[in-house]
Amino acid sequence: MVGDQFKGLNMPSINATPFVPSPTFLWRFKVILFFLWGYICCKVSWDSVMRMSVDLRDLFLYEAFLYYNPLLLVTAMVWLWGINLWVFLQANVNYGKIFDLDQNHLTHREIWKCATWMTIVVPSSMTAYLYLYSHGEVSLAASQPVLLYTAVGMLLIFPFDIFYLSSRYFLIRTLWRILLPLQAISFCDFFLADILTSMSKVFSDLERSVCRMVNRQVATIAWFEADSICGSHSIAIPIVLVLPYLFRLFQCLRQHKDTGERTTLLNALKYSTAVPVIFLSALKYHVVEENWRSFYRPLWLLSGVVNSLYSYYWDVTRDWDLSCFTRIFKFSRPSLLSSLLYGQKWVYLWVLGSNLILRCTWTYKLSAHLRHNYLTVFTIAALEIFRRFQWAFFRVENEWNKMNAKSNIQLSQIETGNEEDKLLAANDHHNV
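Basis of the calculations
Residues numbered from 1 in each chain as written. Predicted model: local features only at pLDDT ≥ 70, side-chain atom pairs only at ≥ 80, totals over all residues. Heavy atoms only, no water. Helix = DSSP H or I, 4+ residues; strand = E, 2+ residues; numbered from the N terminus. Buried < 20%, exposed > 50% of the residue type's maximum accessible area, 1.4 Å probe, protein only. Contact = heavy atoms within 4.5 Å. Areas by Shrake-Rupley, 256 points an atom, 1.4 Å probe, with all protein chains shown as cover. Polar contact = N/O pair within 3.5 Å; in protein donor to acceptor, adjacent residues only side chain to side chain. Phe/Tyr/Trp six-rings, centres within 6.5 Å; stacked < 30°, edge-to-face > 60°. 1 Å grid on protein atoms, 1.4 Å probe; cavity = no way out; pocket = protein on both sides within 12 Å on 5 of 7 lines; lining within 4 Å. Points joined across faces, edges and corners; volume = space filled by probe spheres on them. Nonpolar A, V, L, I, M, F, W, Y, C, P; charged D, E, K, R; others polar. Axes fitted to C-alpha atoms, helices over the stretch in contact; angles between N-to-C directions. Parallel < 35°, antiparallel > 145°, perpendicular 65-115°, else oblique. Left-handed = near helix turned anticlockwise from the far one by under 90°. Expected span 1.5 Å × (residues − 1). Salt bridge = Lys/Arg side-chain N within 4 Å of Asp/Glu carboxyl O.

K.L.:
Before we go on, may I ask you to explain the overall build of the protein in this structure?
P.N.:
Check the secondary structure of the protein and you find 17 helices and 0 strands. In the protein, buried positions account for 41% of the 432 residues. Sequence-distant contacts, at least 24 apart, represent 71% of the contacts inside the protein between residues at least 6 apart. Entry remark: accessible area of the protein is about 24,700 Å², with carbon and sulfur atoms responsible for 67%.

K.L.:
What am I meant to see in the environment of Gln 255 here?
P.N.:
Note on placement: Gln 255 falls in helix H10 (residues 236-259). Looking at Gln 255, the relative accessible area reads 17%, which means it is buried. The spacing of Gln 255 and Gln 183 is 72 residues in sequence and 9.4 Å in space, taken between C-alpha atoms. Among residues more than four places away in sequence, those in contact with Gln 255 are Ile 185, Phe 190, Arg 248, Gly 260 and Thr 264.

K.L.:
Help me understand the side chain of Asp 315, please; the structure alone is not making it clear to me.
P.N.:
For Asp 315, the position within the fold is in helix H13 (residues 289-319). Accessibility expressed as a relative area gives 0% for Asp 315, which makes it buried. Here Trp 391 takes part through its side chain, which lies 3.5 Å from a polar atom of the side chain of Asp 315.

K.L.:
How should I be thinking about the packing of aromatic side chains in this particular structure?
P.N.:
We describe a pair of aromatic rings using the distance from one ring centre to the other and the angle between the two ring planes. Within this structure, the stated rule accounts for 27 aromatic pairs. Ring centres of Phe 99 and Phe 187 lie 5.4 Å apart, and the angle between their planes is 45 degrees; this geometry places the pair in the tilted category. Here the residue Phe 99 occupies a position in the loop between helix H4 (95-98) and helix H5 (108-134), and Phe 187 occupies one in helix H8 (residues 187-198), the gap between them amounting to 88 residues. Of the two residues examined, Phe 99 and Phe 187, each falls in the buried class.

K.L.:
Sorry, what's going on with the layout of surface pockets here?
P.N.:
Take a probe with the size of a water molecule and roll it over the atoms, and the empty space left behind shows itself. If you add up the space inside the second largest pocket, you get close to 720 Å³. Every residue lining the second largest pocket is counted, 16 residues in all, and those nearest its centre are Trp 27, Lys 30, Trp 79, Trp 112 and Thr 116. Elements that contribute at least two residues to the lining of the second largest pocket include exactly helix H2 (23-51), helix H3 (54-90) and H5. A breakdown of the residues in the lining of the second largest pocket according to their chemical character gives 11 nonpolar, 2 polar and 3 charged.

K.L.:
I tried to follow the packing of H2 against H5 on my own but got confused; where do I start?
P.N.:
Two quantities define a packed helix pair, namely the angle between the axes and the distance from one axis to the other. Across the interface, H2 lies against H5 with an axial gap of 9 Å and an inter-helix angle of 25 degrees. In terms of orientation, H2 lies roughly parallel with respect to H5. At the point where H2 passes H5, the crossing takes the left-handed sense. Seen from H2, the contacting residues are Phe 34, Trp 37, Cys 41, Val 44, Ser 45, Ser 48 and Arg 51; seen from H5, they are Thr 119, Ile 120, Pro 123, Ser 124, Thr 127, Leu 130, Tyr 131 and Ser 134. Partitioned by chemical class, the residues of the contact of H2 with H5 number 8 nonpolar, 6 polar and 1 charged.

K.L.:
Sorry if this is basic, but what is going on with helix H6 (residues 138-157) here?
P.N.:
The periodicity of an α-helix, 3.6 residues per turn, causes residues three or four places apart in sequence to face the same way. Taking 1.5 Å per residue as the helical rise, H6 with its 20 residues ought to reach 28 Å, and the 30 Å between its terminal C-alpha atoms agrees with that figure. By the burial criterion, the buried members of H6 are Ala 141, Ala 142, Gln 144, Pro 145, Leu 148 and Tyr 149. Buried residues belonging to H6 abut H3, H5 and helix H9 (200-214).

K.L.:
Looking at this structure, how should I read the side chain of Ser 167?
P.N.:
Secondary-structure assignment places Ser 167 in helix H7 (residues 165-179). Ser 167 gets classed as buried once you look at its relative accessible area, which sits at 19%. If we skip the residues at most four places from it in the chain, Ser 167 touches Asn 104, His 105 and Leu 106.

K.L.:
Got a minute to help me understand the packing of H10 against helix H11 (residues 262-272) in this structure?
P.N.:
Taken N-terminus to C-terminus, the directions of H10 and H11 make an angle of 170 degrees; their axes are 8 Å apart at the nearest point. Between H10 and H11, the crossing angle belongs to the class labelled roughly antiparallel. Where H10 abuts H11, its residues Tyr 245, Arg 248, Leu 249, Cys 252, Leu 253, Gln 255, His 256 and Thr 259 lie against Thr 264, Leu 265, Asn 267, Ala 268, Tyr 271 and Ser 272. The residue inventory of the contact of H10 with H11, partitioned by class, reads 7 nonpolar, 6 polar and 1 charged.

K.L.:
Could you clarify how one ought to interpret the pattern of salt bridges in this entry?
P.N.:
Pairing of side chains with opposite charge becomes possible as their charged atoms draw close. Counted by the stated rule, this structure contains 12 salt bridges. Close ionic contact of Asp 194 with Arg 248 constitutes a salt bridge, the shortest N to O distance being 3.2 Å. Highlighted residues: Asp 194 in helix H8 and Arg 248 in helix H10, separated in sequence by 54 residues. Residues Asp 194 and Arg 248 agree in their burial class; the two are buried. Salt bridges sharing partners connect three or more residues here, namely Asp 315, Arg 359, Glu 384 and Arg 387.

Here it is, written out as structure tokens:
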């Protein structure tokens, strides 16, 4: 009876649509998890370091820093490159055309996504290393950097169409062209090669880390002997430091062969000035101390000054165009950042001043005999990456302005040619 009474009533249907959290909620939740993870890593790392005896603590941190600071610096570079791409997009700079990228190139969001995963994975591995080592699990601790480096290497060359295959192979092909400049040098080739010169300390530490992994010296004190195969006196250190500069020098020579321009030789000379800075520093471990102080050290300081000032001069007069110094910050949409940076005099002063100061720190960064001050060297290497980050804005802007100027000239020539054809046709018609 009760059922019959409700048959004639129109009951409202229940909406069974599942609850879907908003994108804003998901983003905030991810940010909270990220900071929670960061706090846990810092707390575990600090407690692990404090468990070590005071005598071994400094050596312990030095070794951990050696394995992980290269990847931490690479992670910072990826974050900053994402910011570069975001600014290019806001300023309507077609960086895809400048670097000759295909339609599937990574956007700034995808770059930041990669950087986020790197920010999670690298400190997590470092935290695990510190924790396991401080709790006596030496073999497990030693496996952490080995597994991390192996995973990074495998990820770069993984042949399957996952994790941005086309972009990974584009990077590998560009690196191969830098190693063997047997063809004409593109803007992308020498732009990436310039970035590699700023990461020479990263490559040096990578070589030290791989050397210790191959020789099974991870989480031991065997490597601390300076004259050991992976010690601080190794000749491999200055060789790896100088390689990015030699690659860039050979690119300049190749450009001179293709174009015959005199400026390419002057640019090659700039990169050659880094060679004496690196090898004079390395001589400290292979000559008598008195000879180092009286003869080689003054030469090292002089070569460092020459390299820094020459490089600074080239940045300002060749790589950048001061006449359009801040147009890169003229965004298509009004924003606070654009109003703070576009057309402001302080941007001139900051970039010129900071670039000069950070150029002068190259002598410290490139000098093998100063590498034991690992916190100072890490800070200077990070500042060099920041210098290259702000350098990229104006270098790309300069190239974009050149491309636009060339296109305008070609367009005007076409229009002039069309007008001449019209005049000739009109004259021919009049004569007829």
